[in-house]
Amino acid sequence: MPAKSPRGCADEHDAPGRTLGCQEDEMGQVVMDRGAGNVTGSGPGANGHAATKIRSYAPATGELLGEVKVTSADEVKRAVERARRAQEAWGALPVEERCERVLRFRDAIVDRADEIVDLLVRECGKPRHEALLHEVMVAADLATFFAKAAPRVLAPHEVKLHMFKHRRSFIHYKPRGVVAVISPWNYPFQLPLRDAIIALLAGNAVVIKPSEVTPLIAQKAKEVWDSAGLPEDLLQIVPGYGPTGAALIEAQPDFVILTGSVATGRRVAAACGERLIPCVMELGGKAPLIACADADVERTARAIVFGGFSNAGQVCVSVERVYAHREVHDKLVDRVVELTKELRQGDPSAEFVDVGAIIFPHQIDVAEKHIADAVQKGAAVRAGGKRREGPGQFFEPTVIDGCNHQMTVMTEEIFGPIVPFMRVSTEEEALRLANDSHLGLNAYVFSRDRDHATRLAERVEAGSVLVNDVLTNGGTPDTPFGGIKASGFGRAMGEEGLREMCNIKHVSVERVGMGSKDPLWYPYTAQSYGWFRKGLRALFSGGGLLQRIGEIL
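Only a predicted model underlies this, so the values are computations on that prediction, with no experimental measurement involved.

J.: Looking at this structure, how should I read the packing of helix α2 (residues 95-111) against helix α4 (residues 128-153)?
T.: Each pair of packed helices can be summarised by the angle the axes make with each other and by the distance between the axes. For the pair α2 and α4, interaxial distance at closest approach is 9 Å and the crossing angle is 165°. Overall, the two elements α2 and α4 adopt an arrangement that is roughly antiparallel. Two packed elements cross with a definite hand, and for α2 against α4 that hand is left-handed. On the side of α2, the interface is formed by V95, E96, C99, V102, L103, R106, I109 and V110, while α4 contributes V136, A140, A143, T144, A147, A150 and P151. Partitioned by chemical class, the residues of the contact of α2 with α4 number 12 nonpolar, 1 polar and 2 charged.

J.: In this structure, what is going on with the packing of aromatic side chains? I would like to understand it.
T.: To describe a pair of aromatic rings, one takes the distance between the centres and the angle between the planes. This structure, assessed with the given rule, holds 5 aromatic pairs. One aromatic cluster is present, formed by W185, F360 and F415 through successive ring pairs. The ring of F394 has R388 lying over it, and the distance from NZ or CZ to the ring centre is 4.3 Å. Above the face of the W531 ring, K534 is positioned so that its terminal group lies 5.4 Å from the ring centre.

J.: Which parts of the structure should I look at to understand the pattern of salt bridges?
T.: When charged atoms on two side chains of opposite charge get close, those side chains can pair. In total, this model carries 37 salt bridges according to the counting rule given. As a salt-bridge pair, K69 and E75 come within 2.9 Å of each other at their nearest N and O atoms. A salt bridge links D296 to R448; the shortest N-O distance between them is 3.8 Å. Note that D296 is positioned in the loop between β12 (287-291) and α9 (297-309) and R448 in the loop between β18 (442-446) and α14 (450-457), a separation of 152 residues in sequence. Here the salt bridges share partners, and the residues they tie into one network are R112, E115, K220 and E223.

Each value, and the rule that gives it
- Residues numbered from 1 in each chain as written.
- Predicted model: local features only at pLDDT ≥ 70, side-chain atom pairs only at ≥ 80, totals over all residues.
- Heavy atoms only, no water.
- Axes fitted to C-alpha atoms, helices over the stretch in contact; angles between N-to-C directions.
- Helix = DSSP H or I, 4+ residues; strand = E, 2+ residues; numbered from the N terminus.
- Parallel < 35°, antiparallel > 145°, perpendicular 65-115°, else oblique.
- Left-handed = near helix turned anticlockwise from the far one by under 90°.
- Contact = heavy atoms within 4.5 Å.
- Nonpolar A, V, L, I, M, F, W, Y, C, P; charged D, E, K, R; others polar.
- Phe/Tyr/Trp six-rings, centres within 6.5 Å; stacked < 30°, edge-to-face > 60°.
- Lys NZ or Arg CZ within 6 Å of the ring centre and 35° of its normal.
- Salt bridge = Lys/Arg side-chain N within 4 Å of Asp/Glu carboxyl O.

Printed below as a string of structure tokens:
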């Protein structure tokens with residue numbers, strides 16, 4: 001009989017599902033081995049031993065899929081050192097050549113798409129369509145887009161100076177060096193590769209610390225990279241628990257990108273701050289959906305169902321709360337309930353289903369607590385609401401009506417297949433409630449009047465707002481992705497995300513020779529001060545000479 005596991009862990013997170021696995025936090029305390037349920041490593045655990053391996057189990061069946069060796073602190077340090085040496089040659093290549101080589105990796109991903117999808121289905125329990133479209137295709141598209149864009153985006157460019165017209169200034173984008181990518185378990189293929197591909201195109205080396213919940217996917221990505229004939233030390237994987245992530249920061253990379261919980265983000269950002277390592281934090285989300293009085297009920301309902309239950313709700317940009325105008329509330333809830341009850345849930349490795357398993361079992365406990373709190377305070381479960389009987393880690397797609405901000409389901413990140421509804425009297429009320437959150441990653445507005453919806457979207461406090469659509473910006477490499485408030489800082493994707501991987505260097509050269517003596521240099525005299533005082537008035541009073549010179553030049 002195959003080994004089975006409930007994938008149990010002994011931790012809780014302020015933003016469930018956005019962690020880097022089962023550790024108490026990424027800087028490491030005590031973790032649980034998901035196979036035997038025995039306390040192992042972040043230092044001395046209950047049995048006095050450090051974890052030496054990670055066992056990966058299929059969440060849909062509980063079967064043991066494989067084991068991965070935990071990377072020690074010394075091995076992490078050596079990996080960063082090797083990456084630094086490999087980066088020197090890689091960073092010296094013209095950006096066009098780097099792009100050509102990364103496209104070889106893209107081609108290898110496409111060629112081996114079936115085996116990648118199969119592993120994603122088994123290790124994550126996600127439907128085959130989502131493994132293909134949301135993981136493999138997103139990674140391939142991102143590599144293609146940035147390989148085309150990088151030569152233009154990273155090209156040096158001149159800045160026209162407004163005052164010192166005798167000089168010329170140029171901006172250059174230089175690789176940072178070694179980029180550490182600390183990634184989560186909900187999208188274990190495309191999320192780390194999203195950051196890795198952009199970093200590589202910018203001329204960096206990359207060391208990825210994957211979630212211990214899904215370690216085999218990261219190993220597969222590395223296998224595909226090596227098979228494309230690319231430098232092995234340029235992209236490395238360091239599997240492990242919290243201490244491995246801590247060791248990666250200790251190894252002093254030049255840049256850190258974390259996708260994780262708010263609590264983990266605070267700890268990692270603090271560790272980076274102590275070492276003056278620049279970083280990007282993509283943390284939790286609590287995406288509101290505002291359904292205006294004139295919303296198309298059918299489209300909005302289908303968007304809510306897809307946006308709330310895709311990847312079994314384990315998405316940082318999931319529809320996690322709906323504010324429905326009283327004019328459409330009842331019809332919208334009824335239609336969402338009908339569509340939810342039509343969803344097929346089951347083992348995606350055995351059949352085509354719409355909703356798969358819960359990757360990390362702690363999320364089932366979180367879902368049950370949210371539902372119990374909402375029901376106790378007066379909400380009604382209209383669909384789902386409980387664990388699915390039988391083998392595997394499944395929770396029914398759930399719709400809750402009659403919710404308000406006294407309930408945790410409306411104020412805390414769920415990261416599971418639950419969509420709560422709240423009736424509002426006006427769109428202004430919906431906007432106020434949508435902004436009443438410590439998180440601000442994504443948001444959605446639905447209305448037949450696109451101009452009106454756009455104006456409303458501009459007032460929502462979030463890093464991204466979609467009008468009459470859900471989730472798609474997570475796979476749109478053209479635009480920056482990231483949050484505000486406690487959802488983090490910095491951006492992935494877009495031109496901003498590519499340049500974020502670079503050190504910005506300013507080079508200034510003279511346009512004309514100034515001779516051996518500069519009037520701004522020593523010595524300071526009363527006469528030169530008088531000239532400068534007159535120059536102040538000439539340049540700036542009433543628009544002055546400076547404005548006229550600028551208009552001419």
